[in-house]
Amino acid sequence: MEIKKNQEYEVEIEDFGSDGSGIGKIGTFPLFIKDTVIGDKVSVKVIKVKKNYGYGRMMKLLVPSPDRVPALCSVARQCGGCTLQHLNYEKQLEYKYQKVKNCLMRIGGLKDIEEKMKMTLGMEEPFYYRNKAQYPVGKNKEGQIVTGFYAGRTHSIVENDHCCIQAKENDVILPVIKAYMKKNHIEPYDEKNHRGLVRHILTRVGFTTGEIMVCLVLNGSKKDLPNPNELIDALTKIKGMTSIVVNQNREKTNKILGKKIETLWGQDYIEDYIGNVKYQIGPLSFYQVNPTQTKVLYGKALDFAGLTGNEIVWDLYCGIGTISLFLAQKAKQVYGVEIVPEAIEDARKNAAINGIENVEFFVGKAEEVLPEKYKESRETMSADVIVVDPPRKGCEESLLDTIVKMSPEKVVYVSCDPATLARDLKYLCGNGYDVKKIQPVDMFGMSGHVETVVLLSQQKPDDTIEIDLDLDELDATSAELKATYQEIKDYVLKEFGLKVSNLYISQIKRKCGIEVGENYNLPKSENSKVPQCPKEKEDAIRAALKYFAMI
Ligand code: SAH
């Protein structure tokens, strides 16, 4: 059947695409249709036809799906923010679970996922969860000052003073600023002719402390604001107001914020907590936008890390150190690595204000810093747990390679993109690690985004027989077994700064012709993937065997 643009068809929605659009088929030809959910019967107009798929616009909802709910926001369809408001929240969580599962299966080639994976951890309150908002300021057709959000992929403002995912404090802040602008004849910025003053209104709310920051992003400086006291008087009447600042951005740019900050009133930062760790947050600071679920997400990471207080932990892509500080409370030492120098400054400051001393932060690319530091000092820089929380593009293979070489007992992968997560897990699983637990967490309700925490641990082939102790006891008289596995491990760690597993020791013993018990640490089937002892560890183990006069 030839699919024609602008033609209308009736379809039933059968699946979701990765951005949360519904997918319905005309014959076998799939169409991505925004604002539809599985189970809807809709009349759709084809708006774009590609070779193997197309895009359609829902013209009429013929039969609504049982999973459909009315959107809370009146401009949910026009606004580019929420894509799933019309889907029941429980189903949103299921959709995110499936999305992660499919990626891990298709891209990662993982098996037995259902045994390891739990249902998405959702929010108690999936609305009003964001602590940071950036409203563009403009004018509507009638010439009135408006604030809202950009419509998907455009710069036209969809007017909205009550966003259902933003902190409710914004509902009182925005009218105050608009009234002040109107009274003082202050023009919003117009990007077409680079004129006007007020570009954006940025707000931040500390959910635990109740502290509020308002930042006006100006095509100018605070001197350009007439009668600033009128604005300050009105804003400081709002409960929690702590910081009123100006951000200068005179560039012709899509970037919202410039570099320079001026204080209009109060402090130039607010404070907030994630768990019991306190953070100072300025207008430019990176800070998780959903602190409630951040605690859930990082709590899972902490749980997966299984710290006892003796571990050396690396937190790669550490940002302002949120995970590092969270884990430092339960670890011996945490090292954080982050590419943005300002974030590391914040991380160090946050460690200091919380009196956390067992963390050290390094600026640089994780894939460069980790191998360098590891080379410098194996003894102190070894790792028991490595946590990664990379941006959407995931980890560089060279970093994964270093992780494998350092062979931490556990790797905890925190991901904001299931596709790159799946790719990276495939690499780690092909190089000595096993996926043990998978937990998706919903940080961005009403959108298609999903975060996932995964626990990996060193492959101890569970289809081999672990008879460590028994073996030593059984053969205690054998000259070949003078040293226990633990003694060999201790020697290798002390002399070479390397950690080695029983598996590696048994491999090398076998290579040296030492009897290790017929089945000890051998895979049952030919196909089982068993990590092979790297050369440098082999040399260290051989040295230990020599030391103990076993070879
Ligand atoms: N865990 C952090 C946020 C992680 S977001 C927190 O909770 O605060 C991903 C971080 O990776 C960002 O801060 C980004 O600046 C940083 N980043 C991106 N590429 C990097 C690289 N190659 N090496 C180290 N950090 C990087």
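What counts, and at which threshold
Residues numbered from 1 in each chain as written. Predicted model: local features only at pLDDT ≥ 70, side-chain atom pairs only at ≥ 80, totals over all residues. Heavy atoms only, no water. Pairing = 2+ DSSP bridges. Helix = DSSP H or I, 4+ residues; strand = E, 2+ residues; numbered from the N terminus. Axes fitted to C-alpha atoms, helices over the stretch in contact; angles between N-to-C directions. Contact = heavy atoms within 4.5 Å. Disulfide = S-S within 2.5 Å. Buried < 20%, exposed > 50% of the residue type's maximum accessible area, 1.4 Å probe, protein only. Polar contact = N/O pair within 3.5 Å; in protein donor to acceptor, adjacent residues only side chain to side chain. Near = heavy atom within 4 Å. Areas by Shrake-Rupley, 256 points an atom, 1.4 Å probe, with all protein chains shown as cover. Nonpolar A, V, L, I, M, F, W, Y, C, P; charged D, E, K, R; others polar. Parallel < 35°, antiparallel > 145°, perpendicular 65-115°, else oblique. Left-handed = near helix turned anticlockwise from the far one by under 90°. Salt bridge = Lys/Arg side-chain N within 4 Å of Asp/Glu carboxyl O.

Moving on, we get to the sheet that holds strand 7 (residues 145–150). Picture the strands of a sheet paired through backbone hydrogen bonds; they go either parallel or antiparallel. Across the sheet, which stays open at both edges, the seven strands sit in the order 8-7-6-9-10-11-12 with mixed pairing between neighbours. Whereas interior strands pair on both sides, the edge strands pair on one side only; in this sheet they are strand 8 (157–159) and strand 12 (260–266). The sheet shows a mean angle of 35° between the axes of neighbouring strands, direction not considered. Sheet strands touched by helix 4 (residues 228–235): strand 10 (212–218), strand 11 (241–248) and strand 12. Its angle to strand 12, the strand with the most contacts, is close to 65°.

Here the focus is the state of the cysteines. The final tally for this structure, using the stated rule, is zero disulfides. The structure places no disulfide on cysteine 163, whose sulfur is separated from the nearest cysteine sulfur, that of cysteine 82, by 6.0 Å. On the basis of relative accessibility, which here comes to 10%, the residue cysteine 163 falls in the buried class. The cysteine cysteine 416 is free of any disulfide, with cysteine 395 supplying the nearest cysteine sulfur at 11 Å.

Looking now at the side chain of glutamine 439. With respect to the helices, strands and loops of the structure, glutamine 439 is situated in strand 20 (residues 433–441). A distance of 2.9 Å separates the side chain of glutamine 439 from the backbone oxygen of methionine 119, its partner in a polar contact. In contact with glutamine 439, other than residues within four places in its own chain, are Lys118, Met119, Thr120, Leu121, Lys300, Phe304, Glu451, Thr452 and Val453.

With respect to spatial proximity, 18 residues lie near the ligand, and among them Tyr298, Thr322, Glu338, Ala366 and Asp389 are the closest. Tyrosine 298 places a polar side-chain atom, nitrogen or oxygen, 2.5 Å from an oxygen atom of the ligand. Within the contact set of the ligand, a nitrogen atom lies 3.2 Å away from a side-chain nitrogen or oxygen of glutamate 367. Contact with the protein chains removes 86% of the 580 Å² of surface that the ligand exposes when unbound. Broken down by secondary-structure element, the contributors of at least two residues to the shell around the ligand are helix 6 (322–328) and helix 8 (366–376). Within the shell around the ligand, the residues separate by chemical class into ten nonpolar, four polar and four charged.

In this section: the packing of helix 14 (residues 502–511) against helix 15 (residues 535–547). Between helix 14 and helix 15, whose axes approach to 10 Å, the crossing angle comes to 70°. Overall, the two elements helix 14 and helix 15 adopt an arrangement that is roughly perpendicular. Where helix 14 crosses over helix 15, the two elements pack in a sense that is right-handed. Facing Tyr504, Ile505, Ile508, Lys509 and Lys511 of helix 14, the residues of helix 15 in contact are Lys537, Glu538, Ile541, Arg542 and Leu545.

Counting across every chain of the model gives 22 salt bridges. Residue aspartate 161 pairs with lysine 178 through a salt bridge whose shortest N-O separation is 2.6 Å. Of the two residues, aspartate 161 sits in the loop between strand 8 and helix 3 (170–183) while lysine 178 sits in helix 3, which places them 17 residues apart along the sequence. Its relative accessible area of 30% is what places aspartate 161 among the partly exposed residues. Its relative accessible area of 13% is what places lysine 178 among the buried residues. We note a salt bridge from aspartate 346 to lysine 349, for which the minimum N-O separation is 3.5 Å. With aspartate 346 and lysine 349 both in helix 7 (residues 341–353) and three residues apart, this pair spans about one turn of that helix. Here aspartate 346 falls in the buried class, since its relative accessible area comes to 14%.

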